[in-house]
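# Working through the structure, step by step
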Amino acid sequence: VDFRNWIFKRIYSELNDKRNYEALSRAFNKHDTKFDGTLSILEMRNALWEVLTSLDELTIEKFIKFLEKDKWGWINYTEFLNKMNDVSNRNHNPF
């Protein structure tokens, strides 16, 4: 397993709990300063860090680098959740 898949598996295993999805949704809304469904890289890092407390900051930073961002560096939260929800094969990295 390459490093990107290793990071993805760690994040997926943490988010594969409904309570963590709900907590991430609350954290996302808290950090969505533009109220438009997108987060900056820093806002997404802070939201993930708030929910995924068992992961170290470096792992979260590397995971964020793999996220699909628009050309201005914003991450769409709905697209992020859809990718996480669509995964049925944990060996597959949707990012």
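In case you missed it, the structure is sitting above this.
An account of the accompanying structure is given in this report. (Residues numbered from 1 in each chain as written. Predicted model: local features only at pLDDT ≥ 70, side-chain atom pairs only at ≥ 80, totals over all residues. Heavy atoms only, no water.)

### Things to note about the overall build of the chain
- Helix and strand counts for the chain come out as five helices and two strands.
- Listed by position from the N terminus, the elements making up the chain come as α-α-β-α-α-β-α.
- Per-residue burial for the chain yields a buried fraction of 41% across its 95 residues.
- Intrachain contacts of the chain at a sequence separation of at least 6 include 59% that bridge at least 24 residues.
- Surface accessibility of the chain: about 5700 Å² in total, with carbon and sulfur atoms responsible for 49%. (Helix = DSSP H or I, 4+ residues; strand = E, 2+ residues; numbered from the N terminus. Buried < 20%, exposed > 50% of the residue type's maximum accessible area, 1.4 Å probe, protein only. Contact = heavy atoms within 4.5 Å. Areas by Shrake-Rupley, 256 points an atom, 1.4 Å probe, with all protein chains shown as cover.)

### Quick notes on the side chain of Asp32
- In this fold, Asp32 is placed in the loop between α2 (18–31) and β1 (38–40).
- Notably, Asp32 is buried but unbridged: the nearest opposite-charge side chain belongs to Lys34, and the N-O separation is 6.9 Å.
- Among the polar contacts listed, one links the side chain of Asp32 to the backbone nitrogen of Phe35, at a separation of 3.0 Å.
- At a separation of 2.9 Å, a polar atom in the side chain of Asp32 contacts the main-chain amide nitrogen of Gly37.
- When near neighbours in sequence (up to four residues on either side) are disregarded, Asp32 contacts Gly37, Thr38 and Leu39. (Lys, Arg positive; Asp, Glu negative; His and termini not counted. Salt bridge = Lys/Arg side-chain N within 4 Å of Asp/Glu carboxyl O. Polar contact = N/O pair within 3.5 Å; in protein donor to acceptor, adjacent residues only side chain to side chain.)

### Thoughts on the packing of aromatic side chains
- Inspection of every chain in the model, using the stated rule, returns three aromatic pairs.
- Here the aromatic rings of Phe28 and Tyr77 are separated by 3.8 Å at their centres, their planes lie at 25 degrees, and the arrangement is stacked. Taken together, the positions of Phe28 in helix α2 and Tyr77 in helix α5 (residues 77–86) put the pair 49 residues apart, joining distant regions of the chain. For the residue pair Phe28 and Tyr77, the accessibility class agrees, reading buried in each case.
- Taken together, Phe28, Phe63, Tyr77 and Phe80 form an aromatic cluster joined through their ring pairs.
- Above the face of the Trp74 ring, Lys34 is positioned so that its terminal group lies 3.8 Å from the ring centre. (Phe/Tyr/Trp six-rings, centres within 6.5 Å; stacked < 30°, edge-to-face > 60°. Lys NZ or Arg CZ within 6 Å of the ring centre and 35° of its normal.)

### Thoughts on the environment of Asp32
- Overall, Asp32 belongs to the buried group, its relative accessible area being 6%.
- Sequence-wise, Asp32 and Glu43 are eleven residues apart; in three dimensions their C-alpha atoms are separated by 7.2 Å.

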